[in-house]
Amino acid sequence: MTATDDRTQDPAADPRVEGLRHAPGGYDPTSVDYVADPHEVLRQMREDGGVHVYQAHQGPRVVLTRWADVEALLRSKDVFKDVRKLAPDDPRRVGVLPDENPMASAAPSILGLDAPEHDRLRRLVNRAFTPRAVEALTPRIEEIADRLLDEVAGQDEIDFMEALAIPLPVIVISEMLGVDPEDRAQFKQWSLTMVNSDLRPDDHDRIRRGRAARQAMRAYFDRVVAQRREAPGEDLISALVLAEEEGDRLTHEETLTMLGLLLNAGNLTTTDLLGNGLLALLSHPGQVEALRERPELMANAVEEMLRYTPPVLGTGRTTAHPQEVAGCPVGQHVSVSGSVISANRDPEVVEDPDRFDITRDEIRYLSFGGGIHFCLGANLARNEARLTLERLFHRYSDIRLAVDPAQAEWRGGGAFRGLERLPLRVTTRTGG
Ligand code: HEM
């Protein structure tokens, strides 16, 4: 397979995706315009067969937009995630600047592994990440949210992202891991530098900064893991070090990779759930009123936020052999993306999908993925979002957007969809 970095090339000219329809011009997951308003083009794509091909940085990519096809992709055993199964020179395997990548030959995290290797590591981390451990965090998450709200007390305009959505998830995961509170700012910085650092293959400095951050974080965890082996505590790092399943344990390298994943996977995603979700809610004043009248709706409101405005746009797999993908013939080693944000609005599965309605019954979405990679932190993320928004609504008797929703500032593209800022006008509850 040839390395191609030419986005003007005709993707359907590749024999492995011959005959597939081109994605419309408006479909460009790397552009801010698409991220800001993806729904119209995705609707067109669903109605136009739901299977398209476009030219990504590293070759042709098939994109699926209907629920049934995205769900089938997530559960398929005929596709893989582990890039080590690709040819040694495949750009999707070696990345940009391969000679400068110290991690190029390292084993991927569970997110990039296939069964059975994936399942072995997932079992071990499941043992440390129990629903009970997550539930036990409830009072602490409330305290953290209250403390962050105290820091902006007295202000009648706040940026929700800066005040709560950005700091809260990193504080929670740092506390769970059991790392020094003083190091949290450094974590968030590493995490932000790493996320999307490879989005623009031509920006070599950005790629190098991302890799340096990853190495620095690994060195940090290397020290902490060594300490916990000597003197285990009650935290998640100790639990991972001690986790054992039928005599099996994580190796030191596996532990470091897992910690890096936990720190990153649970960080920006939860930030974006909070930001996107609150923007959707406040853009629908009738729904805010319903929530004020029935605060117990908050858990359901978070489910609707996850469906309507998911933090992760989609997720990819690679075909293991020639096969039919969503009824279309596709060759071997083709990248296929499942558009989760589109699936969540498929009218075949969700009634009146463009309506934001926090009172819906049995809300269905693919925002946490599916199959063996289903999000490990789904319950933690749901809890963090619910508790933070509950504390926010408890603190303020009135919360309004300080900007027109159509003017909301979205971050640049990539796998994540989230806001730069969310300015709010707030009125503190008397005695609150
Ligand atoms: C709203 C917040 C979150 C969203 C939308 C989200 C989304 C996702 C998605 C879509 C996947 C599957 C990716 C794929 O199939 O390729 C995933 C996997 C994962 N998530 Fe989350 N996530 C969130 C929060 C968290 C949190 C808080 C943590 C942990 C602290 C976490 C840890 C993980 C891990 C470890 C995996 C990999 C699981 C595996 O491969 O077996 N996530 N997440």
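Read on for a plain summary of the structure. Quick caveat, the model's predicted, so the values are computed rather than measured. (Residues numbered from 1 in each chain as written. Predicted model: local features only at pLDDT ≥ 70, side-chain atom pairs only at ≥ 80, totals over all residues. Heavy atoms only, no water.)

Focus: the site of the ligand
Here is the rule we go by: The rule for a residue being near a molecule or strand is that one of its heavy atoms must lie within 4 Å of it. Here a polar contact means two N or O atoms within 3.5 Å. Within protein one must be a hydrogen donor candidate and the other an acceptor candidate, and residues neighboring in sequence count only if both atoms are side-chain atoms. Secondary structure elements are taken from DSSP: a helix is a run of H or I of four residues or more, a strand is a run of E of two residues or more, and numbering for both begins at the N terminus.
Neighbouring residues of the ligand: 28 residues in total, closest K81, H118, T315, H373 and C375. Measuring from an oxygen atom of the ligand, one finds a side-chain N or O atom of T315 at 2.5 Å. A distance of 2.7 Å separates an oxygen atom of the ligand from a polar side-chain atom of H373. Contributing elements (two or more residues each) for the shell around the ligand: α5 (117-128), α13 (252-265), α14 (268-282), β5 (314-319) and α18 (378-395).

Comments concerning the environment of A219
Put simply, the test is: Throughout this description, buried means an accessible area under 20% of the type-specific maximum (1.4 Å probe, protein chains only), exposed means over 50%, and partly exposed covers the range between.
Here A219 lies in helix α11 (residues 204-230). Taking relative accessible area as the criterion, A219 reaches 36% and is therefore assigned partly exposed.

Here we look at the nonpolar core
What counts is decided by this rule: Note on terminology: a nonpolar core comprises buried Ala, Val, Leu, Ile, Met, Phe, Trp, Tyr and Cys residues joined through side-chain atoms within 4.5 Å. Throughout, a contact is declared for two residues whenever any of their heavy atoms are within 4.5 Å.
Counting residues in each nonpolar core, the largest one holds 100 residues, and the members touching the most others are F160, L177, F221, L278, L392, F393 and L424. Counting residues per element, this core draws most heavily on α18, which supplies eight residues. The residues touching F221, leaving out its near neighbours within four places in the chain, are L177, V179, F187, I237, L256, L259, G260 and L263.

A closer look at the environment of L274
Mapped onto the secondary structure, L274 falls in helix α14. L274 sits in the buried class, given a relative accessible area of 0%. The spacing of L274 and L389 is 115 residues in sequence and 7.8 Å in space, taken between C-alpha atoms. When neighbours within four sequence positions are excluded, L274 is seen to be in contact with F160, A165, A385, T388 and L389.

Regarding the packing of aromatic side chains
The line we're drawing: Centres within 6.5 Å make a pair out of two Phe, Tyr or Trp rings, where for Trp the six-membered ring is used; the pair is then stacked when the planes are under 30 degrees apart, edge-to-face when over 60, and tilted otherwise. Criterion for a charge above a ring: Lys NZ or Arg CZ within 6 Å of the ring centre, and within 35 degrees of the ring normal.
Scanning the entire structure with this criterion turns up ten aromatic pairs. When the ring of Y365 is compared with that of F368, the centres are 6.1 Å apart and the planes differ by 65°; the resulting orientation is edge-to-face. An identical accessibility class is assigned to Y365 and F368; each is buried. Relative to F374, the ring of F368 has its centre 6.1 Å away and its plane inclined at 70°; by these criteria the two rings are edge-to-face. Overall, F368 belongs to the buried group, its relative accessible area being 11%. Lying across the ring of Y308, R345 places its NZ or CZ 4.1 Å from the centre. When the ring centre of W410 is taken as origin, the NZ or CZ atom of R417, which lies over that ring, is 4.0 Å away.

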